[in-house]
Amino acid sequence: MYQPRLGPMSWLAGPAAGILFAASLLGFAAMRTDGYSHATKAVSELGAVGAPSATAFNILAFIVPGMLLVLFSLKLRSISRDKTGPYLLIASGASLALAGLAPAELDNYRATTTIWHLAGAMGSGAFWVGALLWLGPLLRDRFRQPAWGRITPWFGLFMLANIGWQIAFRATGLVLPGWGQRIGFSGYFIWFAVTGLLLWRERAEIPRP
């Protein structure tokens, strides 16, 4: 099977994706003059059809970060014996990019682009949570990151918190929906950032398969 020639700097694609996403989210939200609020508005609204600078936001917040995560995951795949976790991460990054390639139409949830956007957004989280179950033992045993390997599967709680947050909003209205989504994204990108920095720091000691 083809193994891409990716150098140790590929690990830094993990933190770079998170930095670009956060900067885009905060920057484009700050430029809005229509009262956009992180507490009540979805991230996707910044890139929705008809939104100001939607194309730029989708490229910088979804497409490029998604491709950076694919690059990170390809690097992980290239030196891992068990490919399941890395392949799920590749699918997660590709799904994030898909969310940017198919901007949502906020007033038409049956539109093709909206359906693909939701599939990409939800798929990125679902594939990532699945990957965490495989990557915990991989990080612990092969890459000599015992503490981070034990913590890794627990990051799935960030996505569960987001789901629970949205359920609580719809059932009670006592929480603001935007924060739940941002909790999920925070866990997602923090995991990639920390993992990338750890593997980059230890890059000279990681054994070849």
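Our subject is the structure listed above.
All right, on to a nonpolar patch on the surface then. A contiguous nonpolar surface patch, about 570 Å² in accessible area, is contributed by Trp 154, Leu 157, Leu 160, Ile 163 and Ile 167. Note that Ile 163 resides in helix 6 (residues 156-172). Overall, Ile 163 belongs to the partly exposed group, its relative accessible area being 49%.

The tally for this structure, following the rule as stated, stands at two salt bridges. The shortest N-O distance in the salt bridge between Asp 34 and Arg 32 comes to 2.7 Å. What makes Arg 32 buried here is its relative accessible area of 17%.

Moving on to the packing of aromatic side chains. Taken as a whole and assessed by the stated rule, the structure comprises 14 aromatic pairs. Ring geometry for Phe 185 against Phe 189: centres 6.3 Å apart, planes inclined by 20°, an arrangement best described as stacked. Taken as a pair, Phe 185 and Phe 189 lie in helix 7 (residues 177-201) at a separation of four residues, close to a single helical turn. The pair formed by Phe 185 and Phe 189 is uniform in burial state, with each residue classed as buried. Taken together, Trp 11, Phe 21, Phe 28, Phe 57, Phe 62, Phe 72, Trp 128, Phe 185, Tyr 188, Phe 189, Trp 191 and Phe 192 form an aromatic cluster joined through their ring pairs.

Cut-off values and rules
Residues numbered from 1 in each chain as written. Predicted model: local features only at pLDDT ≥ 70, side-chain atom pairs only at ≥ 80, totals over all residues. Heavy atoms only, no water. Patch = residues over 30% accessible without salt bridge, like charges linked within 9 Å, V, L, I, M, F, W, Y side chains within 5 Å. Areas by Shrake-Rupley, 256 points an atom, 1.4 Å probe, with all protein chains shown as cover. Salt bridge = Lys/Arg side-chain N within 4 Å of Asp/Glu carboxyl O. Helix = DSSP H or I, 4+ residues; strand = E, 2+ residues; numbered from the N terminus. Buried < 20%, exposed > 50% of the residue type's maximum accessible area, 1.4 Å probe, protein only. Phe/Tyr/Trp six-rings, centres within 6.5 Å; stacked < 30°, edge-to-face > 60°.

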